[in-house]
Amino acid sequence: MWLTFCTAVVGCIPEGSFKRTMVRSVLIQCFGFLSSALSSVVNYHNIENRPLNGICVANHTSPIDVLMLMCDNCYSLIGQRHGGFLGVLQRALARASPHIWFERAEAKDRLFVAKRLKEHVSDPVNPPILIFPEGTCINNTSVMQFKKGSFEVGGVIYPVAIKYDPRFGDAFWNSSRYSMMQYLFLMMTSWAIVCDVWYLPPMYRAEGESAIDFANRVKSVIAKQGGLVDLVWDGQLKRMKPKKEWKEKQQEKFSKLLKGE
């Protein structure tokens with residue numbers, strides 16, 4: 001409620017550079033206060049590469065990834081529009097700074113999403129927009145397939161690698177096992193949430209490079225810096241069965257391995 005109140009207040013300030021400065025200061029302080037409730041210890045590396053605008057992409061372990069990043073920088077967020085308390089928070093954030101919230105039907109329209117992203121990154125005064133291309137939480141050991149959508153927009157991509165220290169608390173959210181409230185309780189009762197964040201140099205799509213190849217190149221850089229395993233599998237496989245063609249491709253590779261080809 002405190003975060004909602006603060007963002008609602010600064011949202012009343014007329015648009016301009018003063019409002020942007022106030023929003024950045026208030027949001028960083030608010031998220032820093034929230035992180036203290038989790039006994040968070042965050043180490044930021046290479047801050048000279050901190051995102052200024054464009055698109056920031058990071059590997060995804062937990063919903064608190066946003067919290068870890070927003071303690072050090074101001075980002076715009078993208079996601080589905082919700083009701084209830086979360087919807088109240090989304091509306092308060094939208095009054096304070098530019099965010100992209102979609103209705104469920106709109107989120108499935110890739111062209112509509114791409115258009116909104118292009119509009120956002122084309123305005124240099126907008127904060128960088130934070131995207132987790134994996135689309136789901138992965139267990140802090142690997143980086144899985146990046147969706148290509150955010151890499152089709154064009155412009156600069158700021159990669160960020162996030163790695164939690166599992167010795168103090170497991171930050172991975174297994175949504176099939178724990179509800180959000182159960183997960184937050186586990187986080188608040190852990191010894192600490194120790195996290196390293198690496199800001200990597202900005203990357204651009206090369207001439208003739210496909211969006212998929214660009215996404216894989218960025219993913220590889222993030223995995224290497226974070227000491228994570230770079231995997232080609234779609235993270236959504238934890239919720240659905242693999243496609244038939246995927247299984248056939250792996251079977252073909254395995255048969256060639258047996259034949260010594």
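Since the model is a prediction, treat every value here as computed from it, not as a measurement.

*Asks:* What should I look at first to understand the confidence of the model for the chain in this one?
*Replies:* Low-pLDDT portions of the prediction should not be read for the details of their coordinates. For the chain, per-residue confidence averages 83 on the pLDDT scale, and 86% of positions sit at 70 or higher. At the low end of the mean pLDDT range in the chain sits helix α5 (residues 104–107), at 60; at the high end sits strand β7 (residues 157–164), at 96.

*Asks:* Please clarify how the packing of aromatic side chains should be interpreted in this entry.
*Replies:* Two aromatic rings, taken as a pair, are described by how far apart their centres are and by the angle between their planes. For the structure on display, the rule yields 4 aromatic pairs. On the basis of an interplanar angle of 15° and a centroid distance of 6.1 Å, the ring pair of Phe146 and Phe151 is categorised as stacked. Here Phe146 falls in the buried class, since its relative accessible area comes to 5%. On the basis of relative accessibility, which here comes to 1%, the residue Phe151 falls in the buried class. With 5.5 Å between their ring centres and 85° between their planes, Phe151 and Phe214 make a pair best called edge-to-face.

*Asks:* Looking at this structure, I do not really get the layout of surface pockets. What am I missing?
*Replies:* When its volume is computed, the second largest pocket comes out at roughly 390 Å³. Around the second largest pocket sit 20 residues that line it, and Arg20, Cys74, Val125, Asn126 and Pro127 are the ones nearest its centre. By residue number, the principal contributor to the lining of the second largest pocket is helix α2 (residues 17–36), which donates 6 residues. The residue makeup of the lining of the second largest pocket, split by class, is 10 nonpolar, 5 polar and 5 charged.

Basis of the calculations
Residues numbered from 1 in each chain as written. Predicted model: local features only at pLDDT ≥ 70, side-chain atom pairs only at ≥ 80, totals over all residues. Heavy atoms only, no water. pLDDT = per-residue confidence, 0-100. Helix = DSSP H or I, 4+ residues; strand = E, 2+ residues; numbered from the N terminus. Phe/Tyr/Trp six-rings, centres within 6.5 Å; stacked < 30°, edge-to-face > 60°. Buried < 20%, exposed > 50% of the residue type's maximum accessible area, 1.4 Å probe, protein only. 1 Å grid on protein atoms, 1.4 Å probe; cavity = no way out; pocket = protein on both sides within 12 Å on 5 of 7 lines; lining within 4 Å. Points joined across faces, edges and corners; volume = space filled by probe spheres on them. Nonpolar A, V, L, I, M, F, W, Y, C, P; charged D, E, K, R; others polar.

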